[in-house]
Amino acid sequence: MRTRTAKILKLAKGYRGRAKNCYRIAVEKVEKGLQYAYRDRKQLKRDMRGLWIQRINAGAREFDLSYSRFMNGLKLANIDVNRKVLAELALKEPLTFEALAAKSKDALRNQKTLGKMNEEVMEKLMKTNLGQ
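For every chain, the first residue of its written sequence is number 1, and the numbers climb from 1 along that sequence. Two thresholds apply to this predicted model, a pLDDT of at least 70 for residue-level local features and 80 or more for giving and counting side-chain atom pairs, whereas whole-chain, interface and lining totals are computed over all residues. The side-chain values count all of the structure's non-hydrogen atoms but skip hydrogen atoms and water molecules.

Chemist: Quick rundown of the overall build of the chain? Include the residues and the values.
Modeler: Numbering of helices and strands runs from the N terminus, with a helix taken as a DSSP run of H or I at least four residues long and a strand as a DSSP run of E at least two residues long. A count of helices and strands for the chain gives 5 helices and 0 strands. For the chain, the succession of helices and strands along the chain, N to C, is α-α-α-α-α. In this scheme, a residue with accessible area under 20% of its type's maximum is buried, one over 50% is exposed, and one in between is partly exposed, where area comes from a 1.4 Å probe on protein chains only. The 132 residues of the chain split such that 20% are buried. In this description, contact between two residues means that some pair of their heavy atoms is separated by no more than 4.5 Å. Long-range pairs, those at least 24 residues apart, make up 52% of the contacts in the chain between residues at least 6 apart in sequence. Where accessible areas are quoted, they stem from the Shrake-Rupley method and a 1.4 Å probe; at the residue level, only the protein chains shown are allowed to cover. Here the chain has roughly 10600 Å² of accessible surface; of this, 54% comes from carbon and sulfur atoms.

Chemist: Let's hear about helix H3 (residues 67-76): which residues, and what values?
Modeler: Listed as buried for H3 are Tyr67, Phe70, Met71, Gly73 and Leu74. Along H3, the residues classed as buried sweep out an arc of 160° about the axis, all on the same side. What points out from H3, more than 90 degrees from its buried face, is the exposed set Ser68 and Lys75. Of the residues flanking the end of H3, it is Asn78, one or two places downstream, whose phi is positive at about 60°. By definition, the arc is the one covered by directions from the helix axis to the C-beta atoms.

Chemist: Now, about the environment of Gly73: what can you tell me, with residues and values included?
Modeler: Considering the arrangement of structural elements, one finds Gly73 in helix H3. In this structure the C-alpha to C-alpha distance between Gly73 and Lys103, which are 30 residues apart in sequence, comes to 7.4 Å.

Chemist: Describe the pattern of salt bridges, naming the residues involved and giving the relevant values.
Modeler: Every case where a carboxyl oxygen of Asp or Glu lies within 4 Å of a side-chain nitrogen of Lys or Arg is listed as a salt bridge. By the definition in use, this model includes 3 salt bridges. We note a salt bridge from Asp40 to Arg39, for which the minimum N-O separation is 2.9 Å.

Chemist: Account for the packing of aromatic side chains, naming residues and giving values.
Modeler: Stacked, tilted and edge-to-face pairs are distinguished by plane angle, under 30 degrees for stacked and over 60 for edge-to-face with tilted covering the rest, among Phe, Tyr and Trp rings (Trp via its six-membered ring) whose centres lie within 6.5 Å. Under the counting rule described, the total for this entry stands at 2 aromatic pairs. Between the aromatic rings of Phe63 and Phe97, the centroid separation amounts to 6.4 Å while the plane-to-plane angle is 40°, which identifies the pairing as tilted. Of the two residues, Phe63 sits in the loop between helix H2 (23-61) and H3 while Phe97 sits in helix H5 (residues 94-131), which places them 34 residues apart along the sequence. A relative accessible area of 1% places Phe97 in the buried class. Both rings, one in Phe70 and one in Phe97, keep their centres 5.0 Å apart while their planes meet at 35°; by these two values the pair is tilted.

Chemist: Give a description of the nonpolar core that names residues and reports values.
Modeler: Among the nonpolar cores identified, the biggest contains 15 residues, and Ile56, Phe70 and Leu86 are the most heavily contacted of them. Elements that contribute at least two residues to this core include exactly H2, H3, helix H4 (83-92) and H5. For Leu86, the contacting residues outside a window of four places in its chain are Ile56, Phe70, Met71, Leu74, Val81, Phe97 and Leu100. One finds Leu9, Ala12, Ala26 and Val27 within the second-largest nonpolar core, a separate group that totals 6 residues. Only buried Ala, Val, Leu, Ile, Met, Phe, Trp, Tyr and Cys residues count toward a nonpolar core, and they belong to the same one when joined by side-chain atoms within 4.5 Å.

Chemist: Tell me about unusual backbone geometry, and name the residues and values.
Modeler: At Asp64, a position not held by glycine, the phi torsion is positive, near 60°. The topology assignment puts Asp64 in the loop between H2 and H3. With phi around 60°, Asn78 is a residue other than glycine that occupies positive phi space. Of the residues examined, Asn78 reaches a relative accessible area of 69% and is grouped as exposed.

Chemist: Could you give me a rundown of H2, with the residues and numbers involved?
Modeler: Over its 39 residues, H2 extends 55 Å from the first C-alpha to the last, a length consistent with the 57 Å expected when each residue adds 1.5 Å. Residues of H2 that are buried: Ala26, Val27, Val30, Ile56, Gly59 and Ala60. A helix is expected to span 1.5 Å multiplied by its residue count minus one.

None of the figures reported here should be taken as evidence of function without further support.
And the structure:
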């Protein structure tokens, strides 16, 4: 048996029917299997990201935060933790996740007060400029 044939039939081990020992059919099945493997490696990354987001959302909602507000609060607090780690913390380390949620809430609160202060400063500036 030539090496090319042997290589294909080796990859086709475990297939059903003639796909495991008939070269012509094995080639088609192996190629299709490799296409599925390539596609699903990409798909797995998407699926895992979705799972992590669901877990983070569930953890954040225990502390009265939505996923987007929680992530925005972490960004404002300059806490750079990826979603995979956050999902693990939400699942296995609830006290650590609670501390992150508190930091996120604080950062969101500070942003609101800064926003109000900026509006007040802008209003004062407008009044002084208009008064001149």
